[in-house]
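One-letter residues, chain by chain:
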Amino acid sequence: MTILRQALVCLALIVGLLGPSVSAHAVEADELLADPALEARARALSGELRCLVCQNQSIDDSNAPLAKDLRVIVRERLTAGDTDAEVIAFVVDRYGEFVLLRPRFGAHTLLLWGAAPVLLATAGFLIWRRGRRAHQPEVAPLSAEEERRLAKLLKRSEDPAA
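These numbers were taken from a predicted model, which means no experiment stands behind them. (Residues numbered from 1 in each chain as written. Predicted model: local features only at pLDDT ≥ 70, side-chain atom pairs only at ≥ 80, totals over all residues. Heavy atoms only, no water.)

**Student:** What exactly am I supposed to notice about the overall build of the protein chain here?
**Tutor:** A count of helices and strands for the protein chain gives six helices and zero strands. For the protein chain, the sequential pattern of α-helices and β-strands runs α-α-α-α-α-α. Every one of the 162 residues in the protein chain was classed for burial, and the buried ones make up 20%. Accessible surface, the protein chain: about 12200 Å² in total, of which carbon and sulfur atoms supply 64%. (Helix = DSSP H or I, 4+ residues; strand = E, 2+ residues; numbered from the N terminus. Buried < 20%, exposed > 50% of the residue type's maximum accessible area, 1.4 Å probe, protein only. Areas by Shrake-Rupley, 256 points an atom, 1.4 Å probe, with all protein chains shown as cover.)

**Student:** Quick question: what am I supposed to make of the packing of helix α3 (residues 65–79) against helix α4 (residues 84–95) here?
**Tutor:** The packing of two helices is summarised by the inter-axis angle and the distance between the axes. Their axes nearest at 9 Å, the elements α3 and α4 cross at an angle of 140°. Classified by the angle between their axes, α3 and α4 sit oblique to one another. In this structure, the crossing between α3 and α4 has a hand that is right-handed. Taking contact as the criterion, the partners of Leu66, Leu70, Ile73, Val74, Arg77 and Leu78 in α3 are, on α4, Asp84, Val87, Phe90, Val91, Arg94 and Tyr95. Residues that form the contact of α3 with α4 fall into these classes: nine nonpolar, no polar and three charged. (Axes fitted to C-alpha atoms, helices over the stretch in contact; angles between N-to-C directions. Parallel < 35°, antiparallel > 145°, perpendicular 65-115°, else oblique. Left-handed = near helix turned anticlockwise from the far one by under 90°. Contact = heavy atoms within 4.5 Å. Nonpolar A, V, L, I, M, F, W, Y, C, P; charged D, E, K, R; others polar.)

**Student:** Just to check I follow, could you spell out the nonpolar core for this structure?
**Tutor:** Grouped burial of nonpolar side chains is what soluble globular proteins tend to show. Leu49, Ile59, Val74 and Leu78 are the most contacted members of the largest nonpolar core, which totals 18 residues. Listing elements by their share of this core, those giving two or more residues are α2 (36–48), α3 and α4. In this structure Ile59 touches Ser46, Leu49, Arg50, Cys51, Ala67, Leu70, Arg71 and Val74, once residues within four positions along its chain are discounted. (Core = buried A, V, L, I, M, F, W, Y, C linked by side-chain atoms within 4.5 Å.)

**Student:** Any chance you could explain a nonpolar patch on the surface here in plain terms?
**Tutor:** Residues Phe105, Leu110, Leu112 and Trp113 make up a contiguous nonpolar surface patch of roughly 460 Å² in combined accessible area. With respect to the element layout, Leu110 can be found in helix α5 (residues 110–135). (Patch = residues over 30% accessible without salt bridge, like charges linked within 9 Å, V, L, I, M, F, W, Y side chains within 5 Å. Salt bridge = Lys/Arg side-chain N within 4 Å of Asp/Glu carboxyl O.)

**Student:** I would appreciate a short explanation of the environment of Ile73 in the present structure.
**Tutor:** Here Ile73 shows up in helix α3. According to the relative accessible area criterion, Ile73 is buried, its value standing at 12%. Excluding residues that lie within four positions of it along the chain, Ile73 makes contacts with Phe90, Arg94 and Tyr95.

**Student:** In this structure, what is going on with the environment of Gly47? I would like to understand it.
**Tutor:** Mapped onto the secondary structure, Gly47 falls in helix α2. Classification of Gly47 by relative accessible area gives partly exposed; the value is 31%. Between the alpha carbons of Gly47 and Ser58 there is a distance of 5.3 Å; along the sequence they are 11 residues apart. Non-local contacts of Gly47, meaning those with residues more than four positions away in its chain, are made with Ser58, Asp60 and Leu101.

Take a look at the structure:
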């Protein structure tokens, strides 16, 4: 393997290992708040809200215009003095619970939260049961000769005089 190839492999491994922990934030300079504490809260809240266009990204990571609008709304609400819970409630009231990256636990989300553990337990049970069956030896039926010998032995054990 050449040195260049080794370097590329090492670079790919580093990017692969660091990739999930390093996220690309789409927050633009004109959105940033002057107060670092408020900006930190805004970033934390933006990480909890789903981009309704991308649907698999938070609004903090999305470049979609709707995500930018949501980031601006979050910052406006924080600047107005809302608590984190009030900001989330405002956005959920306006866009519905789908905007939350981590849905709340409730009666209407019970299937969402309960399906994975139930499916996992069912799969585990089926694998366990199949494994038990695989370890049980298969018993072949007795041949006619074996049945006669068994009957003879049973008769002899019932009647010791025979």
